[in-house]
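# Residue-level structural notes
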Amino acid sequence: MNYLESISLNDKTIEYIEILKLFWDNKYDEVLEAIERNISKLRKGSLYYENNPVNKGFILMADARGKRIKEII
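Residues numbered from 1 in each chain as written. Predicted model: local features only at pLDDT ≥ 70, side-chain atom pairs only at ≥ 80, totals over all residues. Heavy atoms only, no water.

### Overview of unusual backbone geometry
Its identity as a non-glycine residue notwithstanding, Asn26 has a phi of 60 degrees, on the positive side. Counting through the fold element by element, Asn26 comes out in the loop between helix 2 (11-24) and helix 3 (28-51). Its relative accessible area of 52% is what places Asn26 among the exposed residues. (Helix = DSSP H or I, 4+ residues; strand = E, 2+ residues; numbered from the N terminus. Buried < 20%, exposed > 50% of the residue type's maximum accessible area, 1.4 Å probe, protein only.)

### With respect to the packing of helix 2 against helix 3
When two helices pack together, you describe them by how their axes are tilted relative to each other and by the distance separating the axes. For the pair helix 2 and helix 3, the least separation of the axes is 8 Å and the interaxial angle reads 155 degrees. In terms of their interaxial angle, helix 2 and helix 3 are classed as roughly antiparallel. In the packing of helix 2 onto helix 3, the handedness of the crossing is left-handed. Residues Glu15, Ile19, Leu22 and Phe23 of helix 2 touch helix 3, and the partners they reach there are Tyr28, Glu30, Val31, Ala34, Ile35, Asn38 and Lys41. When grouped by side-chain class, the residues that make up the contact of helix 2 with helix 3 number seven nonpolar, one polar and three charged. (Axes fitted to C-alpha atoms, helices over the stretch in contact; angles between N-to-C directions. Parallel < 35°, antiparallel > 145°, perpendicular 65-115°, else oblique. Left-handed = near helix turned anticlockwise from the far one by under 90°. Contact = heavy atoms within 4.5 Å. Nonpolar A, V, L, I, M, F, W, Y, C, P; charged D, E, K, R; others polar.)

### Considering helix 2
The first and last C-alpha atoms of helix 2 sit 20 Å apart over 14 residues, in line with the 20 Å expected at 1.5 Å per residue. Buried within helix 2 we find Ile14, Ile17, Ile19, Leu20 and Leu22. One side-chain oxygen at the N-terminal end of helix 2 lies 3.2 Å from the backbone nitrogen of Lys12; it belongs to Asn10. Positive backbone phi, approximately 60 degrees, marks Asn26, located one or two places after helix 2. (Expected span 1.5 Å × (residues − 1). Polar contact = N/O pair within 3.5 Å; in protein donor to acceptor, adjacent residues only side chain to side chain.)

What follows is the structure in structure tokens.
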């Protein structure tokens, strides 16, 4: 894991490796904190994605398509 962490990987992969290392060291509270931190980042990104007007149109079209398919079946 140290080798993987030392080569040029993206930030998300390095964070994942750090979480694995904490888990292996039985630092479960720190693992949970890191996971919660990442979940909150995902939620913020998700809210931005959903509220973006361009994405909102695609989301609404996908929802409508899904409802239409359910009606057909």
